[in-house]
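Here's the letter readout for the chains.
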Amino acid sequence: MKDYTKNEEMNKNSSSYRSTVNAMFTLALSVFMAMQSFANSKLQQNLSVDYKDASLLDVLNDMKTKSKFNFFYNVDEIEEGKKISVKADNLAFEEVLKEIGKKANFDYAFNGEQVVLTAAVSPVVVTEDVIQDRQVTGTVVDQDGNPLPGANVIVKGTSTGAQTDFDGMFSIQVPEDQNTLVVSYVGFKNVEVNVEGKSSVEVQLTPDAGQLDAVVVVGTRGKPRTSFDSPVAVDNFKTKELQKTGKTTVDQQLMLRVPSYTATEQPVSDAAAHFSPAGLRGLFPSRTLVLVNGKRKNASALVYSYVTPGRGEVGVDMKAIPSAALENVEVLRDGAAAQYGSDAIAGVINLVMKEKVDPFINNSFSTTTRGDGEQYQLESGFGVDIGQDGYANFTLSHMDSKATQRAGEITSLEDEAGYWGIPNSNYSLNDLSSFLDRNPGAGFQVGLPNMTITNFAYNLGFTLDEETSTEIYSFGTLTDREGSAPQFARVPYWVPGFQAIYPDQDFFLAKMAPQIRDHTFSLGLRTTHNEWNFDLSSTLGKNRIDYYIEDSFNQSFAGASPSDFYNGAHQFSHVVNNLDVNRTFYDAGLEALSVAFGVEHRTERFVTEEGEFASYGDGESPNAQGGRTGSESFGGFSPENASDDYRSNIGFYTDITADFTEDFLVSGALRYENYSDFGSNVSWKLASRYKTLDDKLVFRGSVSSGFRAPSLHQVYYTATTTTLTTNGVQQNGILDNGNPALRALGIPELDAETSFNLSAGLTYRISQNSGITIDAYQIDVDDRIVLSGQVTATGDPNSPIDQTLNSVGVGSAGFFLNAINTRTQGIDIVYSYNNIELGRGFLGGSIAANFNKTEVQSTNFPSFIENNNLGDALFSREDVSRVETWRPREKIVATANYEIGKFTSTLSLMYYGDVTYRHPGNPADDATYGGKTLTDLSFNYAFTDKINFTLGVNNLFDVFPDTFAEAYAGRGGHPQDRNLDFVGRFKYPWQTTQFGIDGTRVFSQLNISF
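Residues numbered from 1 in each chain as written. Predicted model: local features only at pLDDT ≥ 70, side-chain atom pairs only at ≥ 80, totals over all residues. Heavy atoms only, no water.

A. Layout of the sheet that holds strand E15 (residues 234–238). Ordered in space as E15-E20-E21-E18-E19, the five strands form an open sheet in which the pairing is mixed. Each end of this open sheet is capped by a strand with a single partner; those strands are E15 and strand E19 (295–296). The sheet contact formed by strand E18 (residues 288–292) and E19 spans two bridges and is antiparallel. Across the sheet, Leu 291 pairs through a bridge with Arg 296, a residue of E19. (Pairing = 2+ DSSP bridges. Helix = DSSP H or I, 4+ residues; strand = E, 2+ residues; numbered from the N terminus.)

Here it is in structure tokens:
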């Protein structure tokens, strides 16, 4: 649709126009629900016109000036260049419009100040053959039950048709031998309705999920923008499209649709195996802000402390919100700290919840072709009206996922013996040979964990007063997640003595089995006063992880050791209070002037609770073998680790967008934040957009500063874990940033990261059904917070390094510090197409690509670290490569949907570029794992409008990442540092994973609505 008139100032007493603005936000500029009564006075105005061979475009532009009405139409239906001649002297506006419609061959319908033009329907010719025609009446409404005036209703296969009136009603003569009506409306999916034996019907249309130019909310607080007209890059994905991926959680669905988004599931990584560290535009999780209905989502309580991508990061638990509860997902690919505050350096993800749906049940099942990893999901939900002025939507989801096994085998007896120093006093080569004969993989298990997720979500609103558009609203989610992730299998020559509680086992396989609770609750009030829109809200969010270790062992307890341990808990919560005010002026001498300002107050709390004594303590058993204490694989939190920490911040922002003309706009934002623990920050943003070539070509760009406050987790996190290091398997400590011992090492208190963002791009609408967006960006992040490598003892008891490590009782220690400055450069390219007629069906889809490069430009080490040559220990070659090359620098996603009747097929190709690992001390152990292309294919059949079934395959050709053997083929088939592949236990790289190691997965989905 195209708007050729300038909107005049909204009448401050008109609730109907405010309803129109809300509808524009949520129905993609396609449905305009202004009340007809507001326009009646304008319909009575008299006009005098005299057009001679004027183009329809010029006529409409003149009519808009004279009448202040907006004209909306599909440029493929209305011939803008058609020459017409019309003369009228002092005639009512509608009479003039009727004459123009006759000459230009269009029909019209009024929606308040809007006039919807549609191609004229040929009149029904009444002959003897149609005397037996029957009359069918009905109404056409949107998914919320609102009438759609101007919808076309055609008897399929004929030229017989009608249009709906302002109340969405129609009446049509249907030939006796015809029973199918085709109902269409711009911006909505066409619907075929069987009217056999019916004299009246109600037709509900749903927005077109493949709509090329959808309205987006994120990134703007004033006049709505479409994704093509926005001054910055925004994606808008309908969740129905995301669910076609066959994946069960939002994080993995986005992974297969958004090239600049990465969220790879990690095997054998403590509690992180139950999360997927997600990043945007080449940056790690901490730098992407997640919103739910525009409100800040709480972070997870987990700190990714394992040696995998995202180490040291804190992110939002993207598994905490069921995709079935979402209407769409908006991804703002641009720095937005000045608009939304901390964390929005890389961009913003806004999860928009459904307001109302028909009752539904979705059932899905998938399994790998190796017969493991079964995943079963059941989703259900429904929407109800709350009186005549409210809505409520409820969603319940349950997902159960079984573990997969993709471990390798010990490369040789000699390799294993050399790694562990066998023979020794307790173990012989014969013992080892016999053990490996029984257990070629040494009991190791690598793959996805067992996991069960139960989600509940609701979204409701109720209009208290229509005159002031006063609405009370609330939404919330509640997630319960449990699972069991295998850790490193303990063998007798690593942890002797476990036979005291596992007498009949060759090894024991400890499992991380956390219980994860995440919930969000938001309550707010919206109203309008003197044309200003007010939104006052309060949001509570909490994520809690109770750590349990199953099938483990505390060596110091010997035979008295329990096998299951409670290791303590982490909990993060926040309370966010927002007041947002905005207004769009249409009489300020500009096309439009949008002004927004507001205040946000946020309190945050991070809690560490101690575990049971056996999980961290020394049992001091005289029968204990070895000197290890604490539960194997993950030691519990001791009383010294326990903490309860709090901070608050307050932020003020203003956001102004000036549409100087319909084509040119400039926007700016300014934000001040003050944190109780580290101080204040000011961030800003400027953006602009210019449209040309009849709005087909758009140039856009932005420049901004940003910041990310150190998370409470990074300030106060402390733990002991078991990891693979260059010195072998070792207990590593992580010291909280407030630890006085770090001051002795010269490590300062954490400060905020700061960023400088540049972006420039263009969009081009090739046609109504296809278009391309290209956006280049550069993101500089200074004082970037990282979790350091391990600092180990020097052997000198007088060294402050040794004294620090001895004081905390670990062999080595890491900590958080503002260590590096980075630059990320990249380009996003998205080509979208839909409703392309091909044969008997229609083709739609997209080709999207992200190319990015991150470089560590400099380090910020304290003088003590530099003077003692500890720089490589804190941030080694490996740490640099984790930031620069552990994620693919190229990702391309191509998707094609072909729909013919009730049948739809979807083909997706995903290319992941290569990744490179650099060894901390030995360049000979560097390795590059080649790029790969994965193929997904699915078929969907709609048995009825209410029932459809999908059968599909993820990774059709069973593609895996390169193995260690392939990566090190020229160096004996394995690295020199056997910690990398753990002597063959890891077949695939576990540090630089590009994508999952499931292999081929077959899935099915059955969706039923009522």
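B. Focus on the pairing of strand E20 (residues 326–332). Buried residues dominate E20, accounting for six of its seven residues. Here E15 pairs with E20 via five bridges, running antiparallel. From the neighbouring strand, Asp 235 faces E20, where its bridge partner is Val 331. (Buried < 20%, exposed > 50% of the residue type's maximum accessible area, 1.4 Å probe, protein only.)

C. Structural view of the packing of helix H3 (residues 56–67) against helix H4 (residues 93–104). As a packed pair, H3 and H4 sit with axes 12 Å apart at the nearest point and diverge in direction by 175°. On the basis of their axis angle, the class for H3 and H4 is roughly antiparallel. Of H4, the residues touching H3 (which contributes Leu 56, Val 59, Met 63 and Ser 67) are Phe 93, Val 96, Leu 97, Ile 100 and Ala 104. Among the residues making up the contact of H3 with H4, the classes are represented as eight nonpolar, one polar and no charged. (Axes fitted to C-alpha atoms, helices over the stretch in contact; angles between N-to-C directions. Parallel < 35°, antiparallel > 145°, perpendicular 65-115°, else oblique. Contact = heavy atoms within 4.5 Å. Nonpolar A, V, L, I, M, F, W, Y, C, P; charged D, E, K, R; others polar.)

D. Expanded view of the packing of helix H8 (residues 413–420) against helix H9 (residues 429–438). The contact between H8 and H9 brings their axes to 10 Å, and the two run at 125°. By the criterion of interaxial angle, the relationship of H8 to H9 is oblique. For the pair H8 and H9, the crossing hand works out as right-handed. On H9, the residues touching Leu 413, Glu 416 and Ala 417 of H8 are Leu 429, Leu 432, Ser 433 and Leu 436. Considered class by class, the residues forming the contact of H8 with H9 number five nonpolar, one polar and one charged. (Left-handed = near helix turned anticlockwise from the far one by under 90°.)

E. Main features of the packing of aromatic side chains. Summed over the entire model, instances satisfying the criterion amount to 39 aromatic pairs. Between the aromatic rings of Phe 508 and Phe 553, the centroid separation amounts to 6.1 Å while the plane-to-plane angle is 75°, which identifies the pairing as edge-to-face. With Phe 508 in strand E27 (residues 508–512) and Phe 553 in the loop between strand E29 (532–550) and strand E30 (565–585), this pair connects stretches of sequence that are 45 residues apart. The class of Phe 508 is buried, set by a relative accessible area of 1%. Assessed through its relative accessible area of 1%, Phe 553 is described here as buried. Connected via pairs of aromatic rings, a cluster forms that spans Tyr 419, Trp 420, Tyr 427, Phe 435, Phe 444, Phe 488, Tyr 493, Trp 494, Phe 982, Phe 986 and Trp 990. (Phe/Tyr/Trp six-rings, centres within 6.5 Å; stacked < 30°, edge-to-face > 60°.)

F. Inspection of the pairing of strand E31 (residues 592–609) at higher detail. Looking at chain direction, E30 and E31 are connected through 17 bridges and run antiparallel. Residue pairing for E31: Val 575 is matched across the bridge by Thr 603. Following E30, the chain reverses through six residues before pairing antiparallel with E31; Gly 589 in that reversal takes a positive phi of roughly 85°. Of the strand pairs in this sheet, E31 and strand E32 (residues 643–659) are connected by 17 bridges, and their pairing is antiparallel. Across the sheet, Phe 597 pairs through a bridge with Thr 654, a residue of E32.

Interpretation in functional terms is not warranted from these geometric data alone.
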